[in-house]
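Topology and contacts: notes
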Amino acid sequence: MVQGLGIRGTARVCEVDPKTVLQWLVEAAEQLRAFSQHFLQGIRVRQVQLDELFALLSAVKDGAVSEAEAIERLERAPQWVWAAMDPESKVLLAIDVGNRPLAMAQRVVHHVAQVLAPDCAPLFLTDGFRAYMTALLTHYGHWVQPERRQDKGPMPKPRWRPLPQLLYAQGVKTVRRRRLVRVSHRVVFGTLEAVNAVLAPLGCHNTACIERLNLTIRQHVAAVGRRVSTLCKSEEGLRQQLALYQTYHNFCLPHASLHQALPQPESTKGTGSAKQWRPCTPVMAAGLTDRVWTLREVLLFRVPPWPQPQAL
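Residues numbered from 1 in each chain as written. Predicted model: local features only at pLDDT ≥ 70, side-chain atom pairs only at ≥ 80, totals over all residues. Heavy atoms only, no water.

**Overview of the environment of histidine 259**
Here histidine 259 shows up in the loop between α9 (235-252) and β9 (260-266). Considered as a pair, histidine 259 and cysteine 280 are 21 residues apart in the sequence and their alpha carbons are 5.0 Å apart. (Helix = DSSP H or I, 4+ residues; strand = E, 2+ residues; numbered from the N terminus.)

Structure representation (structure tokens):
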């Protein structure tokens, strides 16, 4: 399933009933969520890219509609896939499904804030969606007491302001006749010099990394692919497949751009050339683990219980 097969396709390959695949998916999703929450915590990153892509569920696809009407219905559809990643280590920090109001943006940013270290305030890069600004200001802000402008009268009320170390920039796209004609950059919080100082080492001054991740999600998750017959019928079913993909992407899938050079070449079992690179996953690049996990190891891993609140 993490390679793009749907539930029925996986059932045919494994020679089992589709209901069996669906039952295992539901049980595996709970384990994978707990596994990710156990390891993805206290992460320190320099920048975070956030974006959302629409999920064309089967309820929207039913019936023959015009292209303009389909786009209008997609804008109202409550199924959007929200993703947040670190472009340097390729760690998929958060992924969720929902509509596009402010509450959903608050939920995604809150999930990212829980994964990051408490004192970590990275550079955030998004598109021109306005809800991100309010969500980031809510989680990375503090009360400020303005100075009095007059000698007499009441003190001004405290105001909620962004933290001094908060950096947030947007890449606003201008589309005409369904074609991208211009991309303008806007610094919302922080200064342009501080934003460029964070972007310079990576060499990426836009949201290209998260845009490429969107394409990868469509290729590996059958429920959000384009022009396919494996669309999900419910939001929970899509959320379970995304939980499977997030763990596979972070722990089990080595990335070619992250491979590490070995101190000495290692000979292989065959007659080929010696091995010169060590495979590396996003969590290995982030320093959260030291090996490539298999899905079997992830599913059999005993997740320690979370600390329960003390009873009064």
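What follows picks up the thread again.
**Concerning the environment of cysteine 120**
When you line up the elements, cysteine 120 lands in the loop between α5 (102-115) and β4 (123-126). Given the relative accessible area of 8%, cysteine 120 is considered buried. In the structure, cysteine 120 is positioned 75 residues away from valine 45 in sequence and 7.4 Å away in space, judged by C-alpha atoms. For cysteine 120, the contacting residues outside a window of four places in its chain are Ile43, Arg44, Val45 and Tyr140. (Buried < 20%, exposed > 50% of the residue type's maximum accessible area, 1.4 Å probe, protein only. Contact = heavy atoms within 4.5 Å.)

**Some thoughts on the confidence of the model for the chain**
In regions of low pLDDT, the predicted coordinates are not meant to be interpreted in detail. On average, residues of the chain carry a pLDDT of 83, and 86% of them reach 70 or more. Every residue in residues 59-67 is under pLDDT 50, and counting partners more than four places away or in other chains gives 11 contacts. Below pLDDT 50 for its whole length, residues 70-78 participates in 15 contacts with residues either more than four positions away or in separate chains. (pLDDT = per-residue confidence, 0-100.)

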